[in-house]
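Read off the chains here:
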Amino acid sequence: MAEHASENQETLKKIKDLIKDEKVAMLTTVSPDGKLMSRPMQTQEVQFDEEEIWFLTEKDTDKYRDISQNAEVNLAYADGSYVSISGTAEFVQDEAKKKDFWNPIVGKVLNTSAEDPNVVLVKVIPTIAEYWESGKSMKTVKEFVKKMTNKDSMEEDNDLKETVHFDENTR
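Below or above, wherever it landed, is the structure these notes cover. (Residues numbered from 1 in each chain as written. Predicted model: local features only at pLDDT ≥ 70, side-chain atom pairs only at ≥ 80, totals over all residues. Heavy atoms only, no water.)

1. Here we look at the packing of aromatic side chains
Link 1 in the chain: Applying the stated rule across the entire model yields 2 aromatic pairs.
Link 2 in the chain: Summarising the aromatic geometry, the rings of tryptophan 54 and phenylalanine 101 are spaced 6.1 Å apart at their centres and angled 50° between planes, so their arrangement reads as tilted. You can see tryptophan 54 sitting in strand 4 (residues 52-58) and its partner phenylalanine 101 sitting in helix 3 (residues 95-101), a full 47 residues away along the chain.
Link 3 in the chain: In this structure tryptophan 54 comes out as buried when scored by relative accessible area, which is 3%.
Link 4 in the chain: Here lysine 97 stacks its cationic end above the ring of tryptophan 54, 4.7 Å away from the centre of that ring. (Phe/Tyr/Trp six-rings, centres within 6.5 Å; stacked < 30°, edge-to-face > 60°. Helix = DSSP H or I, 4+ residues; strand = E, 2+ residues; numbered from the N terminus. Buried < 20%, exposed > 50% of the residue type's maximum accessible area, 1.4 Å probe, protein only. Lys NZ or Arg CZ within 6 Å of the ring centre and 35° of its normal.)

2. Digging into helix 2 (residues 62-69)
Link 1 in the chain: Listed in full, the buried residues belonging to helix 2 are Lys63, Tyr64, Asp66 and Ile67. Angularly, the buried residues of helix 2 cover 160° about the axis, an arc narrow enough to put them on a single face. (Arc of directions from axis to C-beta.)

3. Re the pattern of salt bridges
Link 1 in the chain: According to the stated counting rule, one finds 9 salt bridges in the structure shown.
Link 2 in the chain: In this structure, lysine 14 and glutamate 133 form a salt bridge, with 3.1 Å as the shortest nitrogen-oxygen distance. Placement of the pair is lysine 14 in helix 1 (residues 2-19) and glutamate 133 in strand 7 (residues 119-133), with a sequence separation of 119 residues.
Link 3 in the chain: Among the residues examined, lysine 14 registers a relative accessible area of 23% and is labelled partly exposed.
Link 4 in the chain: Here lysine 98 and glutamate 95 are joined by a salt bridge, their closest N and O atoms 3.4 Å apart. One end of the pair is lysine 98 and the other is glutamate 95, both in helix 3 and 3 residues apart, which spans about a single turn.
Link 5 in the chain: Classification of lysine 98 as buried rests on a relative accessible area of 1%.
Link 6 in the chain: Glutamate 95 sits in the partly exposed class, given a relative accessible area of 39%. (Salt bridge = Lys/Arg side-chain N within 4 Å of Asp/Glu carboxyl O.)

4. Some details on the layout of surface pockets
Link 1 in the chain: There is about 210 Å³ of room inside the largest pocket.
Link 2 in the chain: Forming the boundary of the largest pocket are 13 residues, of which Met41, Gln42, Leu56, Val109 and Leu110 lie nearest the centre.
Link 3 in the chain: Only strand 2 (36-42), strand 4 and helix 4 (104-110) provide two or more residues apiece to the lining of the largest pocket.
Link 4 in the chain: In terms of residue class, the lining of the largest pocket is made up of 7 nonpolar, 4 polar and 2 charged. (1 Å grid on protein atoms, 1.4 Å probe; cavity = no way out; pocket = protein on both sides within 12 Å on 5 of 7 lines; lining within 4 Å. Points joined across faces, edges and corners; volume = space filled by probe spheres on them. Nonpolar A, V, L, I, M, F, W, Y, C, P; charged D, E, K, R; others polar.)

5. Re the pairing of strand 6 (residues 81-92)
Link 1 in the chain: Pairing analysis gives 8 bridges linking strand 5 (residues 72-79) to strand 6, with the strands arranged antiparallel. Across the sheet, residue alanine 76 finds its bridge partner in strand 6, namely serine 84.
Link 2 in the chain: The turn linking strand 5 back onto strand 6 is made up of 1 residue, and glycine 80 within it adopts a positive phi angle of 85°. (Pairing = 2+ DSSP bridges.)

6. A few points about the pairing of strand 2
Link 1 in the chain: One ladder, built from 7 bridges, connects strand 1 (residues 24-30) with strand 2; its direction is antiparallel. Paired with alanine 25 across the two strands is methionine 41, which belongs to strand 2.
Link 2 in the chain: Between strand 1 and strand 2, which follow one another and run antiparallel, lie 5 residues, and glycine 34 among them has a positive phi close to 85°.

7. Observations regarding the nonpolar core
Link 1 in the chain: Core analysis: the largest hydrophobic core is formed by 23 residues, its most contacted members being Phe48, Ile53, Phe55, Leu75, Tyr77 and Ile85.
Link 2 in the chain: Contributing elements (two or more residues each) for this core: helix 1, strand 1, strand 4, strand 5, strand 6 and strand 7.
Link 3 in the chain: Broken down by element, this core gets its largest block of residues, 4 residues, from strand 7.
Link 4 in the chain: Residues in contact with isoleucine 53, not counting those within four places in the same chain, are Thr43, Glu45, Val46, Phe48, Leu75, Tyr77, Ile85, Val122, Lys123, Val124 and Pro126.
Link 5 in the chain: With 10 residues, the next largest nonpolar core counts Leu56, Phe101, Val106 and Leu121 among its residues. (Core = buried A, V, L, I, M, F, W, Y, C linked by side-chain atoms within 4.5 Å. Contact = heavy atoms within 4.5 Å.)

So, in structure tokens, the structure goes:
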């Protein structure tokens, strides 16, 4: 059990390292009619030690309505490597945190100010995350060749992909 927790901690660190410089995530929500909708969102903060990823949005948007009806979301980051994080979103009204996250880019994108009551924080609490390393082309080629010459599938023992589950058993 301790070894599994240690592996999860290593994977969490790797995922955080992969997305720490990524400013934009694709946030996928479920619309009221069950369709998946993805929108770019500027990541404000990643706190895996507290299992939180923070964003800012406005209340008069489709994503706000989607999350209000179904809090299950997915975040996708892509830049040489790929990270997918599934979790639950919730809205937080914290004026101090909102001002901490505010910057001129957010002001331009939302066309408003941090004091606007329509602006709200979105906190995503991860439940499962996966990453695929594709930035290491030699490692990718070696792994692909190894799998092509082996009877195992690409999913089995894939050194280029890791999954971490955020649950009570792995903390």
